[in-house]
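Structural features, examined
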Amino acid sequence: MTLHKESSVGGLPQFPDSYWLRSMNVPRFPELTENMQADVAVIGGGITGITTAYLLAKRGMKVVVLNAGRILQGTTGSTTAKVTAQHDLIYDEFISHFGLEKARLYYEANQEAITFVKDTVAELNIDCQFSEEDAYVYTSQEDYVQKIENEYKAYEKLGIPGEIVSSTPLPFATRAAVIMNRQARFNPVPFLVKLAEEIIRMGGHLYEETTVIESTLETPAVVKTKQGPQVSCHYVVSATHFPYQDMKGLYFARLHAERSYVLAVRTKNPYPGGMYLSAENPKRSLRPLLIDGEPAVLIGGEGHKTGQGQCTFQYYENLQRFGQQSFGIREILYRWSAQDIYTLDKMPYIGLQWPDVPNHLIATGFRKWGMTNSIASAILNTKLIAGEKSPYEEVFTPRRFHADPSLKTFISQNANVAVNLAAGKLELVRRHPEELEPGEGSVVQVNGKRAGAYREANGKLYIVDTTCKHMGCEVEWNDAERTWDCPCHGSRYSFRGDVIEGPAKEALPRLD
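Let me begin by describing the structure that accompanies this report. Computed from a predicted model, the values in this text were never measured in an experiment.

Here is what the cut-offs are and how they apply
Residues numbered from 1 in each chain as written. Predicted model: local features only at pLDDT ≥ 70, side-chain atom pairs only at ≥ 80, totals over all residues. Heavy atoms only, no water. Pairing = 2+ DSSP bridges. Helix = DSSP H or I, 4+ residues; strand = E, 2+ residues; numbered from the N terminus. Axes fitted to C-alpha atoms, helices over the stretch in contact; angles between N-to-C directions. Contact = heavy atoms within 4.5 Å. Buried < 20%, exposed > 50% of the residue type's maximum accessible area, 1.4 Å probe, protein only. Core = buried A, V, L, I, M, F, W, Y, C linked by side-chain atoms within 4.5 Å.

**Describing the sheet that holds strand 20 (residues 461-464)**
- In space, the three strands of this open sheet follow the order 18-19-20, with antiparallel pairing throughout. Two strands bound the open sheet, and with one partner strand each, they are strand 18 (440-446) and strand 20. For this sheet the average axis-to-axis angle between neighbouring strands, irrespective of direction, equals 30 degrees.
- Bridge analysis of strand 18 against strand 19 (residues 449-455) gives seven bridges, and the strand direction is antiparallel. Each bridged residue has a counterpart across the sheet, and for Val444 the counterpart in strand 19 is Ala451.

Following this line, the structure appears as structure tokens:
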């Protein structure tokens, strides 16, 4: 295993950095400093929260968005930004598990989201590289050809415009592919910055660096922040991946987090157009874009459970190798990674967070397809708050539990948590902080106990307690991102111990 320091390796950029977030200056918003009232408090400043707040504000509601850090800095700013209802080979499986009608409604909800993006780009004249593209799921392995054929049969049953082909425009051999026509791609950051501006124009408020810790369950609810100020509101929407408040929903046992990786590259050979995803693992995702006005390609994939990857630089190197073999890489411009949440049955949880609490709603579990599922959730939750009926309510309800596949997944996921909890507590740690070189991080032993250490390039040493503040699992070092990641429920911390992603709300204690 190669040890990677703070210098670039093999052409990879030195640090993770998303092109979307570099493509424009994201405006800053103030911290909440005083108590206030609103019709709806939306917790989370990514695509889900901002789109929800935008739709509610359009209906004349007073909306407040509260975000723990800066807006758009999480998964929304680190996506591949495919705006598509083709979510891998999913529709044949959904028909089997949920029936024809619910599978069709899932497609229609996501297709409605694509239409929303297209119409909003035109209405607000947003320059965000929006472009319609066909989307392919392809295979290079004979074992997957039947799965491709079954997926196309599901398209036919559901009335999804598409086709099946034996080859693709890709510069390597493929055995079959299913195509979903007229899907899309865009840059989510200018799109959402414009929506944020519209929220403010319509009388809404956005607050950054404001961490929500809990909310009361009566009506009106009181949303309490770590900083002290509170928001009194009629409805609360949790758009924070893991719910900021779990209580009786047991979401910690019904969700798990995965990470995936992206390279933005300029290629030696021309890209053929279209958006592609491999049916087999490890996943390979491809889509074009413009960077500084010149053609580039996003190469994505290499997913794994958060905190359970080994030598995380290897995932970038695998994508680099694939890109070099497929197109020839002239330059790697950016690298970044994202975190996504999975439910037990691969359908998102959207709607009432708890069945007996009528004013708390949730949107989570988008399974790496958040560009459409997030907007579908915003549309659905807006209708529910407005007291309107939606055909999608029962499809996405968080109350559901399907024995197949939910029970099997529930058991395996929570067994995985138990294994990782025990492994972290029993790990034999041999290294000591003074052994670390500049740019190196590791689990270490401090006074006979497990700790985490990272030494900056200038020699400054950071030592933290490695026990996750969510439920007590031991975090692991993520070399490629310079973070401490929890293998149980996906909480992530900076090398200084600050929370990057929940469900944890408190920082890891510093020991130095």
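**Description of the sheet that holds strand 23 (residues 492-494)**
- Spatially, the four strands line up as an open sheet ordered 21-22-23-24, and their pairing is antiparallel. Edge positions in the sheet fall to strand 21 (476-478) and strand 24 (499-501), since each has one partner strand and no second. Averaged over all adjacent pairs, the angle separating strand axes in this sheet is 35 degrees, with direction ignored.
- When strand 22 (residues 483-485) meets strand 23, the two strands line up antiparallel, connected through three bridges. Its bridge partner being in strand 23, Trp484 is matched across the sheet by Tyr493.

**Considering the side chain of Asn373**
- Note on placement: Asn373 falls in helix 8 (residues 370-385).
- Not counting residues up to four positions away in its chain, the partners in contact with Asn373 are His87, Tyr106, Asn110, Pro348, Ile350 and Phe366.

**Here we look at unusual backbone geometry**
- Between Thr219 and the following residue, Pro220, the backbone shows a cis peptide bond with an omega angle of 0 degrees.
- Of note, Pro220 is situated in the loop between strand 8 (212-215) and strand 9 (221-225).
- For the peptide bond that leads from Gly502 to Pro503, omega is 25 degrees, which places it in the cis range.
- Its place among the elements puts Pro503 in the segment after strand 24.
- Backbone geometry places Glu209, a non-glycine residue, at a positive phi of 50 degrees.
- Relative to the assigned elements, Glu209 resides in the loop between strand 7 (205-207) and strand 8.
- Relative accessible area serves as the criterion here: at 37%, Glu209 is assigned to the partly exposed category.
- Here the phi dihedral of His241 falls at roughly 65 degrees; this positive angle occurs in a residue that is not glycine.

**A few points about the nonpolar core**
- Counting residues in hydrophobic clusters, the biggest one holds 84 residues, and the most contacted among them are Leu72, Tyr91, Phe191 and Phe396.
- Here this core gets eleven residues from one element, more than from any other, and that element is helix 4 (residues 100-124).
- Contacts of Tyr91, omitting those with residues within four sequence positions, involve Ala85, Ala103, Tyr106, Tyr107, Glu151, Ala154, Tyr155, Leu158, Ile160 and Met180.
- Formed by 23 residues, the second largest nonpolar core is a distinct cluster that contains Tyr138, Phe327, Ile332 and Ala480.

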